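Below, each chain spelled out in residue letters.
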Amino acid sequence: MNAKPRALLILDVLSALLLAAATYLALIYAPLEAVMGAVQRVFYFHVASAWIGMLGFLAAGVAGIAYLRTQNLRWDIVEVAAVEISLVFFFIAIVLGSIWARPVWNTWWTWDPRLTTAAITELIYIAYLMLRQGIEDPNRRARFGAVYTLVGAVSVPITFMAIRLFRTIHPVVIGSQSAEAQGGFNMTADMKVAFFFALFAFTVIFADLLWNRIRLGHLAQEVEQRKLKVMQ
């Protein structure tokens, strides 16, 4: 593998600094929420993780379109990288949501529309990675992945809009609060600083991880091509 670009090294350091700053803002700078107390602080990373999960799934769909148009396997590498990273972030969002729900809803999990669609989205992309493993030909695997991510991307807007389209107890923090929602709150100015900074920090972290994962994907592709040549 070629030496890591200087720009990527800078992005690595920047990502670490932004994560540290976001942690400080969420745990110390933002005021304690009057009703929910300290557990509300997971909200900042919960939303940021969910945002990155959805962003990556949509990015994978865009990469799938690019592959179908160009037949260039580089886009397949981008697609897989985006899905793998987003799966981790989306899982973190689900776990943090459960931690928040336990004291607020008195349960770790409930089949609320937002939680249900989020779980389905996570399972869709876990299946994507599993099914890819059963296809040996790189081009067939890439075509399958491209079509799959296009179909799977439909689940992202459904998950996002679930709390606005259906009766739900999941709070809507930005926008009109649902009457049935439990644990909703209005953010103070300091809370908004922590919230939007976390979104920004996690977006930069996603870009950093994606770049690193793409570099690993190119290396894996090169190894796979050499194996195929040996087997021929």
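Computed from a prediction, not measured in an experiment: that's the story for all the values here.

### Digging into the pattern of salt bridges
Two side chains bearing opposite charge may form a pair once their charged atoms approach each other closely. Counted under the stated rule, the structure contains four salt bridges. When the shortest N-O distance is used, the salt bridge between Glu84 and Arg213 registers 2.6 Å. With Glu84 in helix 3 (residues 73-105) and Arg213 in helix 7 (residues 189-231), this pair connects stretches of sequence that are 129 residues apart. Glu84 sits in the partly exposed class, given a relative accessible area of 28%. One connected set of salt bridges, linked through shared partners, spans Asp76, Glu79 and Arg132.

### Structural notes on the nonpolar core
Counting 43 residues, the largest nonpolar core has Tyr44 and Leu210 as the members making the most contacts within it. Once residues lying within four places of it in the same chain are set aside, the contact partners of Tyr44 are Ala26, Ala30, Met191, Ala194, Phe195 and Ala198.

### Some points on the side chain of Asn212
Position of Asn212 among the secondary structure elements: in helix 7. With relative accessibility at 19%, the residue Asn212 sits in the buried group. The contact partners of Asn212, leaving out residues within four places of it in the chain, are Lys4, Leu8 and Asp12.

### Description of unusual backbone geometry
Even without being a glycine, Gln71 presents a positive backbone phi close to 60°. One can find Gln71 in the loop between helix 2 (42-70) and helix 3. Non-glycine residue Asn106 carries a positive phi angle of around 65°. Residue class for Asn106 comes out exposed when judged on its relative accessible area of 58%.

### Thoughts on the packing of helix 2 against helix 5 (residues 138-152)
Here helix 2 crosses helix 5 at 135°, and the two axes come no closer than 8 Å. The angle between helix 2 and helix 5 falls in the class oblique. Both helix 2 and helix 5 take part in a crossing whose hand is left-handed. Contacts from Ala60, Gly61, Gly64, Ile65, Tyr67 and Leu68 of helix 2 reach helix 5 at Asn139, Ala142, Arg143, Ala146, Thr149 and Leu150. For the contact of helix 2 with helix 5, the per-class residue count stands at seven nonpolar, four polar and one charged.

About the criteria used
Residues numbered from 1 in each chain as written. Predicted model: local features only at pLDDT ≥ 70, side-chain atom pairs only at ≥ 80, totals over all residues. Heavy atoms only, no water. Salt bridge = Lys/Arg side-chain N within 4 Å of Asp/Glu carboxyl O. Helix = DSSP H or I, 4+ residues; strand = E, 2+ residues; numbered from the N terminus. Buried < 20%, exposed > 50% of the residue type's maximum accessible area, 1.4 Å probe, protein only. Core = buried A, V, L, I, M, F, W, Y, C linked by side-chain atoms within 4.5 Å. Contact = heavy atoms within 4.5 Å. Axes fitted to C-alpha atoms, helices over the stretch in contact; angles between N-to-C directions. Parallel < 35°, antiparallel > 145°, perpendicular 65-115°, else oblique. Left-handed = near helix turned anticlockwise from the far one by under 90°. Nonpolar A, V, L, I, M, F, W, Y, C, P; charged D, E, K, R; others polar.

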